[in-house]
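Structural overview
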Amino acid sequence: MPTANSAPPPAVSLSSCRAVWYPAAVAERIDGKAIAKRVRAEVAEQAAAFERQHGRAVSLHVVLVGDDPASHVYVRNKERAAAKAGIDGEVHRLDASTSQEEVEALVRRLNADAGVDGILVQLPLPEGLDARPIVELIDPKKDVDGLTTHNAGTVLGAGDGLYPCTPRGCMRLLRETGVDLRGKHALVIGRSQLVGRPMAIMLLASHATVTIAHRHTDPLEPLVRQADVLVVAVGRANLIPGDWIKPGAVVIDVGINRTVDGKLTGDVDFEGAQSRASAITPVPGGVGPMTIAMLLSNAVRAANLRADTP
């Protein structure tokens, strides 16, 4: 016990105490449908402004080759969403027997058409067609998927161009959720050109500390456990168990997988992750709606970029 003459204990500064995070019972469900609705409303206003200024609607053209059912569903959804946003255009539906030369010739015609603002080649293409040279033919200013090498370089340099739709949608979800990425440890699982690589670069541009993992990463669990922000884009159902999630982490699940009973599920064990994460995207209803919304946003952006180019 202290005596009358002993010195009082040193005062403790509140600023020196670290706040302790206590997990919520259930993570915030990041509503991609609601956020995508706001984005589409913004796009509709921008498309209307473009039409008033230039006397024509924004024009988006889609090249659809073959009979893949999923591709046809995706394109119909894009077509409807574009029409609702006031975006004009056409879907060029080609038989699976269409040759490489014929597809490339169509892309060249669309490039040369001054009335076409955006070009999207729906992937995957049927067997026998090489997607890479077809995509590379697209005028970078019309590349609304952001897949050309030119636009990949734009992302790397944080330049003014067209970025891939899904990573753009993920970044918007993080922004709408109020996540401050500065100094956060972000883990991106998946290194595809469509999602993983540009996602990592965009996170880095927002001052996160970024790690990329892929199918050769071993062990994966320790990386997941230290991630403040986790983005998973692999395409393997429940690849990430819920108990790997760092308490308080924000989880963006890009994966879309169909189970044996026909249900859609993501790459993350949603039920298990809910009790540990602070916020998480559901599947479906998370990233998916944002991809189409950002495609429409890219179409209007492409139209404006072209209009501003002498």
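Above this note sits the structure.
In what follows, the accompanying structure is described. Please read these numbers as outputs of a predicted model, since none were measured by experiment.

**Regarding helix α1 (residues 32-54)**
With 23 residues, α1 should cover 33 Å at 1.5 Å per step; its first-to-last C-alpha distance of 32 Å lies within 8% of that length. All of the buried residues along α1 are G32, I35, A36, V39, V43, A47 and F50. Buried residues along α1 sit in contact with α6 (165-177) and α10 (287-308). One side-chain oxygen at the N-terminal end of α1 lies 3.1 Å from the backbone nitrogen of K33; it belongs to D31.

**Focus on the pairing of strand β7 (residues 229-232)**
Burial of the side chains of β7 extends over both faces: V229 and V231 are buried on one face and L230 and V232 on the other. Bridge count between β7 and strand β8 (residues 250-253): 4 bridges; the pairing is parallel. Within the sheet, the bridge partner assigned to V232 lies in β8 and is D253.

**With respect to the sheet that holds strand β1 (residues 28-29)**
Spatial strand order, β1-β11-β8-β7-β5-β6: 6 strands in an open sheet with parallel pairing. Edge positions in the sheet fall to β1 and β6 (209-213), since each has one partner strand and no second. Sheet analysis places strand β5 (residues 185-189) next to β6, joined by 5 bridges and oriented parallel. Along β6, the bridge assignment pairs L187 with T211.

**Considerations on the environment of G157**
Residue placement: G157 occurs in the loop between α5 (149-156) and α6. Residue classification places G157 among the exposed positions, given a relative accessible area of 58%. On a C-alpha basis, the gap between G157 and I201 in space is 9.1 Å, while along the polypeptide they are 44 residues apart.

**What to know about the sheet that holds strand β2 (residues 59-65)**
What the 3 strands build is an open sheet, ordered β3-β2-β4; its pairing is parallel. Strand pairing shows two members of the sheet lacking a second neighbour, β3 (88-94) and β4 (118-121), which therefore form its edges. Averaged over all neighbouring strand pairs, the angle between strand axes comes to 15°, with direction disregarded. Here 7 bridges tie β2 to β3, and the two strands are oriented parallel to one another. Its bridge partner being in β3, L60 is matched across the sheet by G89.

**Brief notes about the environment of V179**
Here V179 shows up in the loop between α6 and β5. Contacts of V179, omitting those with residues within four sequence positions, involve L174, V229 and V250.

**Quick word on the state of the cysteines**
Under the counting rule described, the total for this entry stands at 0 disulfides. Note on C165: no disulfide assigned, nearest cysteine sulfur contributed by C170 at a separation of 11 Å.

**Some points on a positive patch on the surface**
On the surface, K37, R40, R76, R80 and K84 cluster together to form a positively charged patch. Among the elements that line the positive patch, the one with the most residues is helix α2 (residues 69-84), at 3 residues.

**Brief notes about the packing of α1 against α10**
In contact at an axis separation of 9 Å, α1 and α10 are set at 20° when each is read in the N-to-C sense. Relative to α10, α1 is oriented roughly parallel. Pair α1 / α10 crosses with left-handed handedness. For the pair α1 and α10, the contacting residues are G32, K33, I35, A36, V39, R40, V43, Q46, A47, F50 and H54 in the first and P289, M290, A293, M294, L296, S297, V300, A303, N304 and A307 in the second. Class assignment of the residues belonging to the contact of α1 with α10 gives a composition of 14 nonpolar, 5 polar and 2 charged.

**Quick word on α6**
Over its 13 residues, α6 extends 18 Å from the first C-alpha to the last, a length consistent with the 18 Å expected when each residue adds 1.5 Å. Within α6, 10 of the 13 residues are buried, which leaves the element mostly enclosed by the surrounding structure. Within the span of α6, buried status applies to C165, T166, P167, G169, C170, M171, R172, L173, L174 and T177. Positive backbone phi, approximately 85°, marks G178, located one or two places after α6.

The rules behind each value
Residues numbered from 1 in each chain as written. Predicted model: local features only at pLDDT ≥ 70, side-chain atom pairs only at ≥ 80, totals over all residues. Heavy atoms only, no water. Helix = DSSP H or I, 4+ residues; strand = E, 2+ residues; numbered from the N terminus. Expected span 1.5 Å × (residues − 1). Buried < 20%, exposed > 50% of the residue type's maximum accessible area, 1.4 Å probe, protein only. Contact = heavy atoms within 4.5 Å. Polar contact = N/O pair within 3.5 Å; in protein donor to acceptor, adjacent residues only side chain to side chain. Pairing = 2+ DSSP bridges. Axes fitted to C-alpha atoms, helices over the stretch in contact; angles between N-to-C directions. Disulfide = S-S within 2.5 Å. Patch = residues over 30% accessible without salt bridge, like charges linked within 9 Å, V, L, I, M, F, W, Y side chains within 5 Å. Areas by Shrake-Rupley, 256 points an atom, 1.4 Å probe, with all protein chains shown as cover. Salt bridge = Lys/Arg side-chain N within 4 Å of Asp/Glu carboxyl O. Lys, Arg positive; Asp, Glu negative; His and termini not counted. Charge placed at Lys NZ, Arg CZ, Asp CG, Glu CD. Parallel < 35°, antiparallel > 145°, perpendicular 65-115°, else oblique. Left-handed = near helix turned anticlockwise from the far one by under 90°. Nonpolar A, V, L, I, M, F, W, Y, C, P; charged D, E, K, R; others polar.

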